[in-house]
Amino acid sequence: MKYLISIFLIVSSLYSVEVEKLSWPKGDTFLTFLQKYNINNKLYFDLEKEDKELCSEIRAGATYYLSKNENNELVQVLIEVSEEMQLQVYKDDDGYKFTTTPIVFDEVVETITIPIQSSPYQDILNKTSNSELANEFIRAYSGSLNFKYMRKNDLITIKYKQRVRLGQYHGTPAIISAVVKIRKKNHFIFKNDDDGRYYNQDGKSLTSYFFKVPLSYTRVSSRFTRKRWHPVLKRYRAHLGIDYAAPRGRAIYSAADGRIVYRGRKGGYGNVIEIVHKNGYKTLYAHQSRFKSGLKRGSKVRKGQLIGYVGTTGVSTGPHLHFGLYKNGRAIDPSRVIRVTKTKLNGNAKKKFIKHTKTLAKELLENIDTPTTKALNLKDIPNKSSLKA
C-alpha cells in the first residue's frame, strides 16, 4: 500500500489509462462525484460512520488524482482529505470499492538564513518559492514583532520541516525555530510540540489566542486520530476531530471569536457550522439538531456565543457534538490546543523546553551570519507516488 500511486502510474501506462491531477470543484460532494461517474450511491450509504464523516472532509480546492479508461469510465480516484489521508475509489471485477489510504510524502528539515532586501515575506518567497513558509513565518511573529522596524540587510534564520509529495511542497511547513536579527538584537521563537504554540527563549507564549471547549459534555466518546492502522479491517482509519457526548438539545457555543463561513447540511456531518478565526484557525461543529436563529454565513460571533444545539443529524449513533479544529486548512487535535490556557510554561515543562531551546538557539546563531545561497530544491528529492492499481 505504501507505493500505491507509483504502482498505479505504472499499471496506468501499461493499459493506456490517463492520470489527471485535478482540483475539487466548489459545491461538489462525494455523492455528486459518484453520480457524475454513474457509480451507485450505495457505495457511500454502505460506509461506516467514520468513513462517511471523512467524505464530508473533502474541501473545495483539494487535490485529487483520477484515471479513466478508453470508455471514459472511472478506473480509480484518490481524494485528499488531510495532509496524511486520502479517500480511494477503485473498480475491480466485483464493481467499485472504497478504502482510505495514507498519503506518501518525504519530510525535509532545512535551516535557511536570508538578508532582508525587500520584506520578510517577499524575501522568503524569492529564496524558497514557498508561499506557505512565508505565510507561516509572518503568522508566527505576528504577536511579538513589528517588521516595519527592519532595515535592509537585517537577517532572519528559520529552521523548518517541510513535506514534499510528487515533486511539490505538500501542506504547511512546521517552523521549528527562528530568529530575526534587527539592529544586532536577536528575536527568537520556538515551537513547542506539546501544544503547537510558539514561545520565546524564556518559555513565554507568543500565541495570544485561546479556544474554549464549545459545550458542557458528558464524556469524550471518540478522540482525534490522524492516521491509525485498523487490525481487523486491514486498512488505515482516521477521525479528524473530537466527539463530545451530550444530551440532545444541549447548547453549543463558539470556541473563539470569528466569522461563520458555512451553515447547513454537510453529508455525514449533518447540520454543520464552520467558523474562521484569527491566525489561520477554523472550527467545525457537526451533527447539530438545529442552529441558533439569526445566524447565517458571514455572521460574526464572539467566543462563548450560542450557535446551536446538540443532535444526531447526519451519520450518528447518538447525540453528540463532533468538533473539528483546523490550522491553515489542516486538521489538528483540538485537545492539544484547547487545554492550553496559560501564557507561559511552568515547572518541569518550562525546564525541559528551555533546555531544548538552548540547543536550537545555538544552531540558529551559528547559521545567522552565513546567508543561504541555495535553498531546498524540489528536483533533488525522489518523486514518490501513492495511487493504487
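Preceding this section is the structure that the text describes.
Residues numbered from 1 in each chain as written. Predicted model: local features only at pLDDT ≥ 70, side-chain atom pairs only at ≥ 80, totals over all residues. Heavy atoms only, no water.

1. Considerations on helix α8 (residues 347-368)
- The first and last C-alpha atoms of α8 sit 31 Å apart over 22 residues, in line with the 32 Å expected at 1.5 Å per residue.
- Along α8, the residues classified as buried are Phe 353, Thr 357, Leu 360, Ala 361, Leu 364 and Ile 368. For α8, the arc enclosing every buried residue in end-on projection is 120°, short of the 170-degree limit, so these residues lie on one face. Set apart from the buried face of α8 by more than 90 degrees, the exposed residues are Asn 348, Lys 351, Lys 352, Lys 355, Lys 358, Thr 359, Lys 362 and Glu 366. (Helix = DSSP H or I, 4+ residues; strand = E, 2+ residues; numbered from the N terminus. Expected span 1.5 Å × (residues − 1). Buried < 20%, exposed > 50% of the residue type's maximum accessible area, 1.4 Å probe, protein only. Arc of directions from axis to C-beta.)

2. Remarks on the environment of Lys 358
- For Lys 358, the position within the fold is in helix α8.
- In this structure, the C-alpha to C-alpha distance between Lys 358 and Gln 201, residues 157 residues apart in sequence, is 7.7 Å.

3. Some details on the packing of aromatic side chains
- Scanning all chains against the criterion turns up 16 aromatic pairs.
- Relative to Tyr 141, the ring of Phe 137 has its centre 5.1 Å away and its plane inclined at 55°; by these criteria the two rings are tilted. A residue pair is termed a helical-turn pair when its members lie 3 or 4 positions apart in one helix, as Phe 137 and Tyr 141 do in helix α6 (residues 131-141) at four residues. The two residues Phe 137 and Tyr 141 agree in class, both being buried.
- Linked through ring pairs, Trp 24, Phe 33, Tyr 37 and Tyr 64 together constitute an aromatic cluster.
- The ring of Tyr 309 carries Arg 290 above its face, with NZ or CZ at 4.1 Å from the centroid. (Phe/Tyr/Trp six-rings, centres within 6.5 Å; stacked < 30°, edge-to-face > 60°. Lys NZ or Arg CZ within 6 Å of the ring centre and 35° of its normal.)

4. What to know about the pairing of strand β2 (residues 63-68)
- Of all six residues in β2, five are buried, a share of seventy percent or more.
- Bridge analysis of strand β1 (residues 18-23) against β2 gives six bridges, and the strand direction is antiparallel. Counterpart to Glu 20 in the pairing with β2 is Leu 66.
- Bridge analysis of β2 against strand β3 (residues 74-80) gives five bridges, and the strand direction is antiparallel. Note on β3: the bridge partner recorded for Leu 66 is Val 77.
- Taking the residues between adjacent antiparallel strands as the criterion, β2 and β3 are bridged by five residues, where Asn 72 takes a positive phi near 65°. (Pairing = 2+ DSSP bridges.)

5. What about the side chain of Ser 222?
- Considering the arrangement of structural elements, one finds Ser 222 in strand β11 (residues 219-222).
- A distance of 3.4 Å separates a polar atom in the side chain of Ser 222 from a polar atom in the side chain of His 239.
- Ignoring any residue separated from it by four or fewer positions in sequence, one finds Ser 222 in contact with Glu 50, His 239, Gly 241, Ile 242 and Asp 243. (Polar contact = N/O pair within 3.5 Å; in protein donor to acceptor, adjacent residues only side chain to side chain. Contact = heavy atoms within 4.5 Å.)

6. Some points on the pairing of strand β8 (residues 168-182)
- Of the strand pairs in this sheet, strand β7 (residues 155-165) and β8 are connected by ten bridges, and their pairing is antiparallel. The partner of Tyr 160 across the bridge, within β8, is Ile 175.
- Linkage of β7 to β8, two consecutive antiparallel strands, is achieved through a turn of two residues, within which Leu 166 is found at a positive phi near 50°.
- Of the strand pairs in this sheet, β8 and strand β9 (residues 185-192) are connected by six bridges, and their pairing is antiparallel. Counterpart to Val 180 in the pairing with β9 is His 187.

7. With respect to the sheet that holds β3
- Ordered by their spatial adjacency, five strands build an open sheet running β1-β2-β3-β4-β5, and the pairing between neighbours is antiparallel. Each having just a single partner strand, β1 and β5 (95-102) make up the two edges of the open sheet. The mean inter-strand angle of the sheet, taken between neighbouring strand axes irrespective of direction, is 15°. (Axes fitted to C-alpha atoms, helices over the stretch in contact; angles between N-to-C directions.)

8. Overview of the sheet that holds β7
- The strand order β6-β7-β8-β9-β10 describes an open sheet built from five strands, whose pairing is antiparallel. The open sheet is flanked by β6 (106-115) and β10 (197-199), the only strands paired with a single partner. Ignoring which end each strand starts from, the neighbouring axes of this sheet average 25° apart.
- With respect to the sheet, α6 is in contact with β6, β7, β8, β9 and β10, its orientation differing from that of β8 by roughly 45°.
- The sheet strands contacting α8 are β6, β7, β8, β9 and β10, and the helix crosses β9 at an angle near 130°.

Note that all results are geometric; they support no functional claim without further evidence.
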